[in-house]
Each structure stands twice: as structure tokens, then as C-alpha cells.
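Residue strings, one per chain:
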There are 4 protein chains.
Amino acid sequence: MKVGWIGLGAMGYPMAKNLKAAGHEVLVYNRTQAKAKAHAEAYGTRAVERLEGLAEAEAIFSCLPTSNEVWEVAKALLPHLRTGTLWIDCTSGEPEKSREIAALLAEAGVRFLDAPVSGGTAGAEAGTLAIMVGGDAADFERAKPLFAALGKKIVHLGPVGAGHATKAVNNTLLAAALLAAAEGLLALKKEGVAPEKALEVINQSSGRSFATEVLFPERVLDRSFPLTFKLGLLAKDVRIGNKVTEGAGVPSPLFHLTRELFQAAAKTIGEDADHTEAVKLVEAWGGDEIR
Amino acid sequence: MKVGWIGLGAMGYPMAKNLKAAGHEVLVYNRTQAKAKAHAEAYGTRAVERLEGLAEAEAIFSCLPTSNEVWEVAKALLPHLRTGTLWIDCTSGEPEKSREIAALLAEAGVRFLDAPVSGGTAGAEAGTLAIMVGGDAADFERAKPLFAALGKKIVHLGPVGAGHATKAVNNTLLAAALLAAAEGLLALKKEGVAPEKALEVINQSSGRSFATEVLFPERVLDRSFPLTFKLGLLAKDVRIGNKVTEGAGVPSPLFHLTRELFQAAAKTIGEDADHTEAVKLVEAWGGDEIR
Amino acid sequence: MKVGWIGLGAMGYPMAKNLKAAGHEVLVYNRTQAKAKAHAEAYGTRAVERLEGLAEAEAIFSCLPTSNEVWEVAKALLPHLRTGTLWIDCTSGEPEKSREIAALLAEAGVRFLDAPVSGGTAGAEAGTLAIMVGGDAADFERAKPLFAALGKKIVHLGPVGAGHATKAVNNTLLAAALLAAAEGLLALKKEGVAPEKALEVINQSSGRSFATEVLFPERVLDRSFPLTFKLGLLAKDVRIGNKVTEGAGVPSPLFHLTRELFQAAAKTIGEDADHTEAVKLVEAWGGDEIR
Amino acid sequence: MKVGWIGLGAMGYPMAKNLKAAGHEVLVYNRTQAKAKAHAEAYGTRAVERLEGLAEAEAIFSCLPTSNEVWEVAKALLPHLRTGTLWIDCTSGEPEKSREIAALLAEAGVRFLDAPVSGGTAGAEAGTLAIMVGGDAADFERAKPLFAALGKKIVHLGPVGAGHATKAVNNTLLAAALLAAAEGLLALKKEGVAPEKALEVINQSSGRSFATEVLFPERVLDRSFPLTFKLGLLAKDVRIGNKVTEGAGVPSPLFHLTRELFQAAAKTIGEDADHTEAVKLVEAWGGDEIR
């Protein structure tokens, strides 16, 4: 299939490569053109200088920071798009804005799927992402061969927005688990229990989570905090997760407290820090480090 | 080794059996004597009618609802115990009270380990529990052969109380994850995303936890809520978890909100309901069920 | 001045009367016409059957449940309105929607002030309301003689939306104080301190608030809960209060927890209960009543 | 009456003076003796160098940082005290520890009242404090002439501990109101509403509290934050307020969130800052100041 790709960030860069490796013809566009050229040289994709260059593609992927940027490029490309084009948005976006983007694209007969991913840069590289898809069943079927090149767990969740809603809930659960574990592990440490010992047993028990199994052992305890996912972006996802519960009319005190704590963390620790550095909020309060 | 066992509840019953199966001589005591007799008949242990009957044992296990009951039996047995006896408390107890119990027993030269377990009745039956141990290293070494019959993940965490503190933190993390997932899954359901679809992908993603991987699929979605661990007991553990963070001087807003929500759940849903029924608190608020 | 009045609810009914008593010519409109006729007969105002009947007024007041209804009537009246008409919205509305309504009315040269009030039905009756005004300074000056008939504390707070934002913050503070006092008073009662004794001294101390000084003594302790302000409407105001903090980028954990608790209260106690009945949420949790 | 006074801090210093001015014979003791001597010279009280010097008094007041210090001096004085002596503790103490102190003193036939005060240094100076009394009715009657010299609102609330419980609840309500108002006022400011304007109208409305009426106008808006009551001490009182709700079995999410936020404030802003500086926690998160 001829595929257009918009956004060669930490996730998009390896994902576009995998599409090409799976035999698709891939046109890549990036605001900073040098990145697109490098991609083309490294992997045999084709760099296009202007957005319109993607109009000939049968399917167009967007992989951008927020739904706002997706709206902008969709609006800019709209006059050039052909009926029947399939737009697949891998951004960690907002359900409501996705419905607006889908309506906008529908004016030109363009189909829309929201398809945010989970699995980090490692999963993007290896083509083993989880993909959460919202949109019509027929469009989902059409996109399946493309998804197959990117991930291994591909689930159609519901109408447009369902993918983004589920991703936002997933990330809010991650955020809550990360901070709750920070509260508990720091207290244990101050009471004489080494965090790695506590994690050894928690990870065999009912308190385990992705945060305790992966993030603390690999990133927090050794204080490496490698930058793979910005704190500011997770804070944004948690905001979206709360929009989901609010929109559904579900009182959600834990989601909301997590939202406020992550906003505070982003403000005091910095939007550009890695998301795992949010534990430093609790560490500053408790006067010690989890290590 | 000659071992005494106090408390043949849902966990203690199969655990005492496994000690016997591993070749130890096991004396069992239970407030309701019939249970002790049944155990003796079924597994070849020896039922004792009065607490004092355990005094001859080299090691004594207690597996009771709270530290208060442990304090009571320790006080009652104290005059009969010999110097060098090892007391191992598998109750989900309180660090502070355990330190008091250890001090009490020390008067008679009795050693104390807190050794709460995780893994549920299935893990107790299979002898695959995780065991979180607090106490002196020498006592831990001495208890190792006994622990080997009960669990497969056995960790020495620190001084007396460290086991109970870690167990309480573990269970508070479980409680937080359970309710946070309930908030998110109920909202998704009301927005058109089937909970089992959402879980399918969350469980391959960064939002996963023991609650999303085991409790929701096996107990909540099918509305079976089998009674394996009472809501009132988990609420108690969460209270202990908060005592740990308070005692350590670590501000812990998520732990505390979880505490209040579980207290409210225990009051309005019932102390004797299964702990997974706590999701009904969120369901009542949101006006729908997670299924 | 010739004044139009839309909405003769518990607040609007006496407010329109006071405008007439101050010498203004008052045209009243209500969806249920009988109410408008009764008002006209009782106070010498003029009932109009169709919204358009208000178009001749120099100033038009709206006093409706939410900004949505204001938007509807503004849209319906718009084709009939003359340039220079002043629209004054006393609804407890949303800042953002008010800005949209102001923009809509501006198309026809109509000026807009948001002017929510505080003081309850007693203050509305007596003409002693506090009025929180957002909009241009010149429009505020023009409206002053009208406000003088309705309240005694009239403050120009800022641009369009400033009145609604301040009212929403005010009501969120009320909501937080009401529930926090319920938590504390119920606990004191269970510890043997009579609520009226506790309030006697708190109301001379630093813990006092409108809730402790007025609501508990007059409505909660005697279990009368007279219906003056619906729980569902206060829950809505708290939602708006949280939109204000969110829009401003201010992490606000107490506002958010209050929001979730009021949503839960409205769901489990009922939207149509009086707002003071929100204390029953805490009472159900604590298993006792504040009296 | 011959009265002993222990603790000449910001509150105790003027309170002891007022007792003397009312005609009582006052013996003063302070850990730093110079303060006691200065008091004696200025007001005609008698400075005693050793605690035992107070044993001849008919009534002994303690006014210390926490119940721990009261316990220490009670224990030290106990061997010297006569049956029938009345001990009045004005410390902002803990109900549970007060019951322990009362039991300790009872061994020597000494009676105990807990009698924390509210009203600040200004109220202490003017003798217009509110006094919250716990203990036996007969002891309360006996202390009334002394209380009359210190305050104007004197309420007997219940058995020993009732005074401290009520004071702690009062101060937790203050703390919650202070931070909630900070959240709202900072957001309004960022939306273009001047804090003093917002307070002008909130203080005529249902959102008003001691914090909005007194603390913000007099201490926060002008950034003076005069040191009258340490943040660390208010954080301690909020911890006690939460012990009251916990002891009573009342789920209290707002009390608990307030507790955690004040602990965080005390850790990051400093225990020795004035309590009103807790607003800086919200200001750091929101990136602006309330002025």
C-alpha cells in the first residue's frame, strides 16, 4: 500500500521504518525536514517537503504531540485529499477532538481511525506495540495489514474516539500506580526496607503493576530516569483520562487526585523531564530518595 | 521440626497442611475446636484443645485476623513458653503492634518474626505464597525450612515490622489499583468500550496491574465476586498502609484517599463482602455496572 | 428604565418584583406563562406571552438554570433585538459559554454582562444580594441603577465571564466547607461532643465559615433541610469552579475532590434534594447523624 | 486564687498577664528562665526557677507546643502535687494523650481539664479568647473564674479530650478553607479577577470563611505573612484532627487530603514559616502569586 507518515518523533520514526520493512511504500513528512531526509536515506522511504506531497497516499498516519497538531495538518491537507483515503491517527489524542477531526475529514470523503499505541520506543522499534483502535469496523479491517507491521496486540474498541479514550484511561492508571507506589516505597525505605527488596516481593504479589515491575526497577532505583516519555505529555494524557470520566458522568476521585498531582509535578519538576521523575514530587515531600 | 499452628482460617488451614506434608510434626489450635479436629483427621496433624498444648513446639505460627488477636494469644501463652521458641506471625498485622508483641515475647526469651503472605487461598493451597519477613537475620535463617513448605518467594525485608509494613503497602497498592481501574473502566463502558476489550489491551500496556490482569477478568466482569478476602480486612490493611506512610513522615495523598474510599465502601457495601465488591462504590456513583 | 425579565424561578421572581418597586417598567417572561401572569397581577409588572415581546426593553435580564438555556433564549431573541440593548445574565453560568453568548449578541450590537448573585431567596426578597459582575466598565456603569434595586454589594470583577468565574469559585468554597464541616462534626459527635456545642465555639474561632455559621445551625442540626438551592445545581457550580481552575492551569486537589464528592452525593442522594443534604453522604459513611 | 503557669510563649505570655490583672496570684515557669523573670518584672507575677515551685498553686496552667511536653512536665511535677490541685492544659493537644495525662495525674488526686484556645495573639492579649473545655462538669465550674480572665466564649464540650478534639477539628477546617481559597483565588487572578475584588464579594456571600475574611486580606494579599502561628504547628493540629475522624470511624476524604497537603507544605516551605504561607504550595504549582 502507498502510505503517508506525518511526525517522525521518538515513536513515529521507528514505526514508519517498520511499515517500509513490511513492504509498503512510505512517504514521510516532518516539520523539521532534515529528520525526514535522514529517515529516507536510512530506510528507503521517500521524504516529501510539503504536506501536499502525501495526498497521493492511500492511507495517511499522523503521530503528533496532541490532537491540536492533528487538527492543523488535517485542515491543511484537506483540500488535497481524495475520497476514500484512510487517515490513521496514532497520537495520544482526545476523543472529543478526534470526533471533530473525523467530521472534518468526512467532508472530503476521508475515513478516520484513532489508533494510539502503547509499548514505548522499544515496542515501536520491535514492532510489538499494543494498538487501541476507534472507528468503523470496515475501516479497521482495511487498516489491519498496516497495523500488523507495527504491533502485535491490535484491538478494535468501538467508534471514533474509543482508542484515544482507552489510551487515556490506560495512562491514567499508569500515572496513579506510579505515584501510589512512590508513596509506599519511600515510606518503606524510611522504615528500613530496601526498595529493591520490597519490589521483589510486591512483584510476586497482588500489589504489582507495570510501574512496580518495570519502571521502578529499571529507571527509578538506579536514578537513571531515561527520557522516553515526557512528564508533560503524561500529564496531558491524565487530563484526557479525566475528561473521559467526566464526560461519562462517573465520579472518579482517584483519577482526579492523580490529575492534580501530575499537574503539580509537571509545574515543579518540569514538563520536559521523563514521566518517571514524577516520583520526585513525593520524594521532595518525604525528604528522601527511593533507591 | 515440631511446629504449633494457631488459626485455621481460609489461609491457615491449607498452610498448616503443607507444613505437615513437608514432614514436620504439626500441632493445630483453633478457637472453634471442631476445625482443628477436622484438620487433624484429614491431614494427620495433632489437634490441641488448649493453647498451652502448643508450648512444647519449637516454632509457633499465628495466622489470625488482626494483630490484636495475636497479642491476646501471645499474652496467654507467654507463661508456658520456653526460651528459644520461635514465633512466626503470618497475620496481616501492624508493624507497631508487632514490635510490641516481639518485646512482650522477648521477656520469655521467645524470638519473633512477622511473616505475612500474599497469593490468596490458591497460593496457600499450592504452597506458592510470597512471604514477607521482618525480624533478625538469624531467626529468618532458622525459619527458612518452614517457609520453604509454604511459599516460593521468601524475602527478608528488615527488622521486626518490616514484613507487615511491606504487606500493608502491597495491599494498599492493590486497593488503589482496583478502584482507579473501576473509575476508568466504568467510564469507558459508558462511552461504548466493552470492559473486556479495554482490559485486553490495557493488560498488554503500561496501565496493567494485578487488578486489571486477574481481579477484573476473573471476578468483576462475570459478577461472581467469590469471597476470598473480605472487604473489611482489606480496608484494615489499607489503614495499616497509611500508618506506615504516616509513621515515616511521607505525605501520601493517594494512599489516604484510597483509605477513605475503602472505609466508605466497607461501611456502605459491607465488611463481609469480598474485597473486589469495592468497585460497587464507583458503580453506584456512576449509575452502571462494569460488565 | 424599561426592563425585560426572563425566568421567574425562586430567585428571579422576587428580583423582578424589586426592579418594579424601584420604579422601573418591567416586562416578565416565563416558559410557564401562568407564573408570569401571577407576577403581573401581584406586582403590576407586564407579562409577555412570547419572547419577542421583550425586544422593546432597554435592558434584558436572564435568570435561568444554566448557561445552556441562556444561549437558547439569546439565539431566539437575537433577530428581534436592537443595537445598544443591554443583556444582564444573573444565571449561575459558565465563563466560557458567557463569552460565547456575548459574542453572539455582539453580532446584533447587544451588550452583555454576567451578573450572578449570592444571598439566597431571602436576599433576593429583601434586595440585599451580592452581585458579581463581569463585562465592560461602561456597561457596568449603565446597569448600576438596576443592580441598586436588587442588591447591596455590587462588584465589577473584570471582563465578561469574571462574574460567573467568581460565583463558581464562591460556591465551590461553600461546598468544600460544607462537607469538611460534616466530616469533623460527625466525628466529634461520635466522640461525645454535641454538634451545637462544637459549633458554638467554632463560630467564635478560626474554623468558622458560612456553612458552620448559617447552614448547620439553621438547616442540618434540626434536620429540616429546606429546599432553597438544589444539590444538583451546586454540583454543577462546583464543576464550573473546577473548569475555572483547570482553565487557569492551577492544580487544585481540594476543588477536585470536592467536585467528585458532590457528584457522588448528587447521584446517591438525588439532584433535587437541597444542597445541604450533601452531608448525608458523610453520614452514611460514618453511620450516624449530625444532630 | 493562687495559680501556676507553665509556658510563656506567644499565647501564654499575655494570658498569664491577664490572670494576674484579674486579681489572681500568678507563679510563672518557663524553660528559658529569663522570660519568666521579664514577665515577673513587667506584670508583678512571681517567677519560679524550678517546676516544683509551682506545687503550692491551687490551679496549674500548661500552655506548651504539644501534648508530649505536657506529659513530661506532668510527670516531673507529679511527686510534688497535692490532692485536689486542678491542672488546666491550654496546649493544642491530642485527645488520646490528654486522657493518658489525666489518668497519670489522677494517681495523685490531681484533676485535669483540657482547654485549648482560639483567637490568636490578639485575642490572648485582649482576654477575648474562645476556650474549648473538656473534663468533668465540677472541674469546669471550679475553673470558670480563671477562664473569665482569659476569654469571652467559654464552652464545656464533654469529657477529657473533648476540648482538644474540637480545637483540632476547628483548625483542620481553617486549614482546608485556607488552601481551597488559595486554589480558587489564584485561578481567578490568572483569569483577570483581582483577589481583593473577588474577596470583597465572596465575603458577602456563601463562600466566606475566617480564611477569606481575615487571613487573605490581612496577611496574604500584602505578602506580609506575619509569624503568629507556625505552619508546622497547624500541620500537627491537622494530623490530630484526622486522628479524631479516624478514631470515630468517620471516612473523611477532605480532612485527609488537607492533612497530606499541609504535610507537604510544611516539608517544602518550612515548619517555622507562618501557617498562612501554606498558600505558597498552590502558588508554586500555579506559577503565580495571590496579590
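### Description of the overall build of chain A
Move 1: When helices and strands are counted, chain A shows 12 helices and nine strands.
Move 2: On C-alpha atoms alone, chain A measures out to a radius of gyration of 20 Å, which is about the 19 Å that the 2.2 N^0.38 rule sets for 291 residues.
Move 3: With 291 residues in all, chain A has 64% of them scored as buried.
Move 4: Pairs at least 24 apart in sequence give 66% of the contacts found in chain A among residues at least 6 apart.

### A few points about the interface of chain B and chain D
Move 1: Counting residues at the interface gives 13 residues for chain B, matched by 13 residues for chain D.
Move 2: Scanning the region where chain B abuts chain D turns up two salt bridges.
Move 3: Measuring nitrogen to oxygen at the nearest pair gives 3.5 Å for the salt bridge that ties Glu 246 of chain D to Arg 259 of chain B.
Move 4: Joining chain B to chain D, the criterion identifies eight residue pairs in polar contact (both at pLDDT 80 or more).
Move 5: Counting residues per element, the side of chain B that touches chain D draws most heavily on helix 11 (residues 253–269) of chain B, which supplies eight residues.
Move 6: Partitioning the side of chain B that touches chain D into residue classes produces five nonpolar, four polar and four charged.

### With respect to the relation of the copies chain B and chain A
Move 1: Once chain B has been moved 0.0 Å along the axis and rotated by 180°, it coincides with chain A to within an RMSD of 0.1 Å. On this basis, the relationship between the two copies can be described by a two-fold rotation axis. For chain B, the smallest separation between a C-alpha atom and the rotation axis is recorded for Ser 209 of chain B, amounting to 1.9 Å.
Move 2: Both copies present the same face, since 100% of the interface residues in chain B are matched by interface residues at the equivalent positions in chain A.

### What about the interface of chain B and chain A?
Move 1: Contacts between the two partners involve 65 residues from chain B, matched on the other side by 65 residues from chain A.
Move 2: With both chains or domains summed, chain B and chain A bury close to 5,200 Å², and 70% of this area falls on carbon and sulfur atoms.
Move 3: It is Glu 183, Ser 206 and Leu 254 of chain B that lose the most area in chain B upon contact with chain A, and together they represent 13% of the buried surface on that side.
Move 4: Along the contact surface separating chain B from chain A lie four salt bridges.
Move 5: Across the pair Lys 153 of chain B and Glu 200 of chain A runs a salt bridge whose closest N-O atoms are separated by 3.3 Å.
Move 6: Here chain B is connected to chain A by 18 residue pairs in polar contact (both at pLDDT 80 or more).
Move 7: Elements with a minimum of two residues in the side of chain B that touches chain A: strand 8 (129–134), strand 9 (151–158), helix 7 (162–190), helix 8 (195–202), helix 9 (210–220), helix 10 (231–247), helix 11 and helix 12 (279–286) of chain B.
Move 8: Taken together, the residues that form the side of chain B that touches chain A break down as 36 nonpolar, 20 polar and nine charged.

### Considerations on the domain arrangement of chain A
Residue and element names in this part refer to chain A.
Move 1: Partitioning chain A into domains gives domain 1 (2–159) and domain 2 (165–286).
Move 2: Taking only C-alpha atoms into account, the centre of domain 1 sits 29 Å from that of domain 2.
Move 3: Roughly 910 Å² is buried in total at the junction of domain 1 and domain 2, and carbon and sulfur atoms are behind 60% of that figure.
Move 4: A salt bridge links Lys 243 to Glu 94; its shortest N-O distance comes to 3.0 Å.
Move 5: At the boundary of domain 1 and domain 2, one finds five residue pairs in polar contact (both at pLDDT 80 or more).

### So, the packing of aromatic side chains
Residue and element names in this part refer to chain B.
Move 1: Enumeration according to the criterion identifies 12 aromatic pairs over all chains in this entry.
Move 2: Residues Tyr 13 and Tyr 43 carry aromatic rings whose centres are separated by 6.0 Å and whose planes lie at 70° to one another, so their mutual orientation is edge-to-face. Linking Tyr 13 in helix 1 (residues 12–21) with Tyr 43 in helix 2 (residues 33–43), this pair joins segments that are 30 residues apart in sequence.
Move 3: For Tyr 13, a relative accessible area of 22% corresponds to the partly exposed category.

### Describing the confidence of the model for chain A
Move 1: With 100% of its residues at a pLDDT of at least 70, chain A reaches an overall mean of 97.
Move 2: Reported confidence for the predicted complex is 0.95 by ipTM and 0.91 by pTM.

### Digging into the packing of helix 11 (residues 253–269) of chain C against helix 7 (residues 162–190) of chain D
Two numbers describe a pair of packed helices, the interaxial angle and the distance between the axes.
Move 1: Between helix 11 of chain C and helix 7 of chain D, the least distance of the axes is 8 Å, while the angle of their chain directions is 100°. Comparing their axes, helix 7 of chain D and helix 11 of chain C come out roughly perpendicular. Contacts between helix 11 of chain C and helix 7 of chain D involve Pro 253, Leu 254 and Phe 255 of chain C on the former and, on the latter, Ala 176, Leu 179, Ala 180, Glu 183 and Gly 184 of chain D.
Move 2: Residue composition of the contact of helix 11 of chain C with helix 7 of chain D, by class: six nonpolar, one polar and one charged.

### Considerations on the side chain of Glu 277 of chain B
Move 1: Tracing the backbone shows Glu 277 of chain B in the loop between helix 11 and helix 12.
Move 2: If sequence neighbours within four positions are ignored, Glu 277 of chain B has contacts with Phe 225 and Ile 269 of chain B.

### Focus: the pattern of salt bridges
Residues and elements named next belong to chain A.
Move 1: Scanning all chains against the criterion turns up 89 salt bridges over all chains.
Move 2: With its nearest N and O atoms 3.6 Å apart, the salt bridge here joins Arg 46 to Glu 56. Placement of the pair is Arg 46 in strand 3 (residues 46–47) and Glu 56 in the loop between strand 3 and strand 4 (59–62), with a sequence separation of 10 residues.
Move 3: Given a relative accessible area of 38%, Arg 46 falls into the partly exposed group.
Move 4: Each of Lys 2, Glu 25, Arg 46 and Glu 56 takes part in one network of salt bridges that share partners.

Cut-offs applied
- Residues numbered from 1 in each chain as written.
- Chains lettered and ligands numbered in written order.
- Predicted model: local features only at pLDDT ≥ 70, side-chain atom pairs only at ≥ 80, totals over all residues.
- Heavy atoms only, no water.
- Helix = DSSP H or I, 4+ residues; strand = E, 2+ residues; numbered from the N terminus.
- Rg over C-alpha atoms; globule rule 2.2 N^0.38 Å.
- Buried < 20%, exposed > 50% of the residue type's maximum accessible area, 1.4 Å probe, protein only.
- Contact = heavy atoms within 4.5 Å.
- Salt bridge = Lys/Arg side-chain N within 4 Å of Asp/Glu carboxyl O.
- Polar contact = N/O pair within 3.5 Å; in protein donor to acceptor, adjacent residues only side chain to side chain.
- Nonpolar A, V, L, I, M, F, W, Y, C, P; charged D, E, K, R; others polar.
- Least-squares fit on C-alpha atoms with pLDDT ≥ 70 in both.
- Buried area = accessible area lost by both parts, 1.4 Å probe.
- Domains from an automatic or database assignment.
- Phe/Tyr/Trp six-rings, centres within 6.5 Å; stacked < 30°, edge-to-face > 60°.
- pLDDT = per-residue confidence, 0-100.
- Axes fitted to C-alpha atoms, helices over the stretch in contact; angles between N-to-C directions.
- Parallel < 35°, antiparallel > 145°, perpendicular 65-115°, else oblique.

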